[in-house]
Amino acid sequence: MAIFNQYEKSNGKKMWMFKSYLGINPKTGKQVMTTRRGFKTKKEAQLALSRLQVQYEKGEFNHTKKDSKTFQEVFNLWKENYKHTVKESTYVKAINQYEVHILPVFGKKKINEITVTKVQKFANENVNKFVKYRDFITDISRIFEFAIRLGFTDNNPTQRITVPKRKESVYEEKRLNYYTKEELTQFLEYSKEQQPYYIYAFFQLLAASGCRQGELLGLEWDSVDFENGCIHIVQTLARGENRRLYLEQPKTKHSKRDVSLDNETLAVLKKWKMKQKEKLFQLGIKIKEKNQLVFSNMNNDFIQLSKPRTWMLQNVKKNNLREITIHGFRHTHATLLLESGLQPKTVSERLGHTSTQITNDLYGHVTKKMEKEVPKVFASIMSNEN
């Protein structure tokens, strides 16, 4: 006798589960019932039950409550599967998050001994420590769903916790992670005057394109189209296992795009291309006919992903400028375009966002600023005689 049910997870995703009678435990004389959750389809759940029934008939079914696996042991099994489902850089980031935030707390605990209370306590302790605290809860849930499919447990405690909400003080000042037009102009002027030309060229392109830093550090001259005034974003620099730098596909299918550039930025790139040839020649390095990076290190190889932030901080500290993140230049680009009246759809496509909703969510501050101009616009309309 088996009962199959579809249920909804806290994130709204629908999954399948089953509860089934397998037989009588010969040692205790009690009925053996089993429950399994986390199946994408009913067919997948039925196949899992069939395997369990075969195991039971062969005497291979464990009649004890569950295998005594630790969270770490289940995690080790999960990560081997996960490795083959995502890009290498995504895998490395995910594993690092587990190793830093999750495993030190739950790694040594038995999977069946991790209660709702323990997970709730973990969530409560991290809500005000980390912006991405919700990601930690999702990470834990992944391991429990995997453990359920393998039959190590029947329970996922994350589904029964109350996810805490971050409380922001009315006195808490939010840091603006973008520059105004005046601040950006000042930053670029100081960079041009005081830093090596390739650093200035990098920041000029970063500010003028709105690209991600990995997209520019992975950019090759073959993808710089001077004739049509644009760059073709077809790859990005990423960090893999053992800190290996490599080129991979952009973040999403929408990230593959052509980004048009203004004449000043194109002129900066042309000048840098000539300077790069001279610099490499002086070092005794021949420029590559194909796949030559626009921005490369002294060995004509990949520049470390941490370098742009170092360049930025040198400029900021020397000239007492306001500090933003490297990603803040992308926000700066989008903010300036939206404030100028460019449609969100155009900006969204330029940034490589999956949808305009992402753009709208990120740049709600622009709407608020433009809202302040509405009374002036309305008054102007009313004052004009027909």
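Residues numbered from 1 in each chain as written. Predicted model: local features only at pLDDT ≥ 70, side-chain atom pairs only at ≥ 80, totals over all residues. Heavy atoms only, no water.

Asks: Would you take a moment to explain the nonpolar core for this structure?
Replies: Nonpolar side chains tend toward joint burial in soluble globular proteins. Membership of the largest hydrophobic core comes to 43 residues, with the highest contact counts inside it found for Phe187, Phe203, Ile231, Phe295 and Phe329. Looking at this core, the elements with two or more residues in it are helix H6 (181-194), helix H7 (197-209), helix H8 (213-217), strand E5 (230-233), helix H9 (263-282) and helix H10 (307-319). For this core, the leading source of residues is H7, giving nine residues. Not counting residues within four places of it along the chain, the set of residues in contact with Phe203 comprises Phe187, Leu188, Ser191, Gln195, Pro308, Trp311, Met312, Ile326 and Phe329. Ala94, Leu103, Ile143 and Phe144 belong to the second largest nonpolar core, which has 26 residues in total. (Core = buried A, V, L, I, M, F, W, Y, C linked by side-chain atoms within 4.5 Å. Buried < 20%, exposed > 50% of the residue type's maximum accessible area, 1.4 Å probe, protein only. Helix = DSSP H or I, 4+ residues; strand = E, 2+ residues; numbered from the N terminus. Contact = heavy atoms within 4.5 Å.)

Asks: Sorry if this is basic, but what is going on with the side chain of Thr158 here?
Replies: Within the secondary structure, Thr158 sits in the loop between helix H5 (133-150) and H6. Owing to a relative accessible area of 8%, Thr158 belongs among the buried residues under this scheme. Of note is the side chain of Thr158, whose polar atom sits 2.7 Å from the side chain of Asn156. Among all residues touching Thr158, those that are not within four sequence positions of it are Val119, Ile137, Ile140 and Ser141. (Polar contact = N/O pair within 3.5 Å; in protein donor to acceptor, adjacent residues only side chain to side chain.)

Asks: For this particular structure, what's the right way to read the side chain of Ser191?
Replies: You can see Ser191 is positioned in helix H6. For Ser191, the contacting residues outside a window of four places in its chain are Ile199, Tyr200, Phe203 and Asn315.

Asks: Whenever I open this one, H6 confuses me. Can you help?
Replies: Because each turn of an α-helix spans 3.6 residues, side chains separated by three or four positions in sequence point in the same direction. Between its terminal C-alpha atoms H6 stretches 20 Å, which fits the 20 Å expected from 14 residues at 1.5 Å a residue. All buried positions along H6 are accounted for by Leu184, Phe187, Leu188 and Ser191. One side of H6 holds all its buried residues, which, seen down the axis, span an arc of 90°. Facing away from the buried side of H6, by more than 90 degrees, are the exposed residues Glu182 and Glu193. (Expected span 1.5 Å × (residues − 1). Arc of directions from axis to C-beta.)

Asks: Got a minute to help me understand unusual backbone geometry in this structure?
Replies: With glycine set apart, most residues show a phi of negative sign, and most peptide bonds adopt trans. One non-glycine residue, Arg243, lies in positive phi territory at about 65°. By the element assignment, Arg243 lies in the loop between strand E6 (236-239) and strand E7 (245-248).

Asks: Sorry if this is basic, but what is going on with the sheet that holds strand E2 (residues 14-24) here?
Replies: Strand pairing within a sheet occurs via backbone hydrogen bonds; the two strands may be parallel or antiparallel. Taken in spatial order, the three strands line up as E1-E2-E3 in an open sheet, and their pairing is antiparallel. Of all strands in the sheet, those with a lone pairing partner are strand E1 (2-8) and strand E3 (31-39), marking the two edges. Taking each pair of neighbouring strands and ignoring which way they run, the sheet shows an average axis angle of 20°. In this structure, E1 lies alongside E2, joined through seven bridges in antiparallel fashion. When the bridges of E2 are listed, Tyr7 appears paired with Met15. In the packing of helix H1 (residues 42-57) onto the sheet, contacts are made with E1, E2 and E3, and the angle to E2 comes to roughly 20°. (Pairing = 2+ DSSP bridges. Axes fitted to C-alpha atoms, helices over the stretch in contact; angles between N-to-C directions.)

Asks: What is the right way to read the packing of aromatic side chains from this model?
Replies: Geometry of an aromatic ring pair is reported as the spacing of the ring centres plus the angle between the planes. Scanning all chains against the criterion turns up 24 aromatic pairs. Through pairs of rings, three or more aromatic residues link up here, namely Tyr179, Phe187, Tyr198, Phe202, Phe203, Trp272, Phe295, Trp311 and Phe329. (Phe/Tyr/Trp six-rings, centres within 6.5 Å; stacked < 30°, edge-to-face > 60°.)

Asks: Looking at this model, I keep getting lost on helix H12 (residues 344-351). Mind explaining?
Replies: When we look at burial in H12, the residues that qualify are Val347, Ser348, Arg350 and Leu351. Viewed end-on, H12 has its buried residues packed into an arc of 165°, placing them on one side of the element. Gly352 occupies a position one or two residues after H12 and carries a positive phi of about 80°.

Asks: Please explain empty space enclosed by the protein as it appears in this structure.
Replies: Gaps left between atoms are located by rolling a probe of water-molecule size over the structure's atoms. This structure, assessed with the given rule, holds one cavity of 30 Å³ or more. The wall of the largest cavity is formed by Trp272, Gln276, Lys279, Leu280, Leu283, Ser296, Asn297 and Met298. Residues of the lining of the largest cavity, tallied by class, amount to four nonpolar, three polar and one charged. (1 Å grid on protein atoms, 1.4 Å probe; cavity = no way out; pocket = protein on both sides within 12 Å on 5 of 7 lines; lining within 4 Å. Points joined across faces, edges and corners; volume = space filled by probe spheres on them. Nonpolar A, V, L, I, M, F, W, Y, C, P; charged D, E, K, R; others polar.)

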